[in-house]
Amino acid sequence: MIRSFLKGYFLVIFGGILCGIANNYAEFFWIGGVLGVFLFLLFIFNLKSKKHSFFSGILFGVIFLSTSFLWMLKAYPLEWMGISNHLFALCLVVFMWLIVPFFMSLPFGIFSF
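Residues numbered from 1 in each chain as written. Predicted model: local features only at pLDDT ≥ 70, side-chain atom pairs only at ≥ 80, totals over all residues. Heavy atoms only, no water.

Draft legend 1. Focus on the overall build of the protein. Within the protein, the secondary structure is distributed over six helices and zero strands. Tracing the protein from N to C terminus, the helices and strands come up as α-α-α-α-α-α. Here the protein, with 113 residues, has 35% of them falling under the buried criterion. For the protein, contacts bridging at least 24 residues in sequence account for 68% of all contacts bridging at least 6. (Helix = DSSP H or I, 4+ residues; strand = E, 2+ residues; numbered from the N terminus. Buried < 20%, exposed > 50% of the residue type's maximum accessible area, 1.4 Å probe, protein only. Contact = heavy atoms within 4.5 Å.)

Draft legend 2. Inspection of the packing of helix 2 (residues 10–24) against helix 4 (residues 50–68) at higher detail. Viewed as axis vectors pointing N to C, helix 2 and helix 4 meet at an angle of 30°, and their least axial separation amounts to 7 Å. As the angle between them shows, helix 2 and helix 4 are arranged roughly parallel. Note that helix 2 runs across helix 4; the crossing there is right-handed. Each of V12, I13, G15, G16, I17, C19, G20, I21, N23 and N24 in helix 2 lies in contact with helix 4, whose residues at this interface are S56, L59, F60, I63, F64, T67 and S68. (Axes fitted to C-alpha atoms, helices over the stretch in contact; angles between N-to-C directions. Parallel < 35°, antiparallel > 145°, perpendicular 65-115°, else oblique. Left-handed = near helix turned anticlockwise from the far one by under 90°.)

Draft legend 3. Structural context of helix 3 (residues 26–45). The terminal C-alpha atoms of helix 3 lie 26 Å apart, and with 20 residues this matches the ideal 28 Å at 1.5 Å per residue to within 8%. A maximum bend of about 25° is found in helix 3 at G32. Among the residues of helix 3, G32, G33, G36, L39, F40, F43 and I44 are the ones counted as buried. (Expected span 1.5 Å × (residues − 1). Bend = angle between axes of the 7 residues up to and from the residue.)

Draft legend 4. Local environment of the environment of L98. As for its placement among the helices and strands, L98 is situated in helix 5 (residues 86–104). Of the residues examined, L98 reaches a relative accessible area of 46% and is grouped as partly exposed. Here the alpha-carbon distance between L98 and I63, two residues 35 residues apart in the chain, equals 9.7 Å.

Right under this line is the structure:
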């Protein structure tokens, strides 16, 4: 199941990773962003179903924005906010690192219709 998913959506996943890395290191790896968008568009234009194209847009956006927002994980010791429980702070940071890119990737999904 996972193997067939990765095989089918490899271009979207790899394109999102390339765009995320290019966003973090634009002066060295700008061509990765161009290649990532090209791979994403190549995959979308070959899909027949609107449901699959919406899902692939969401997947691309989540991966792209998650790799772009790696700086959020550096906020982990939340003692500066008054949260002294380390497990709660870690769960909160990881939750925010996952939920913010998901909602911000909705325009990617709408665009890929």
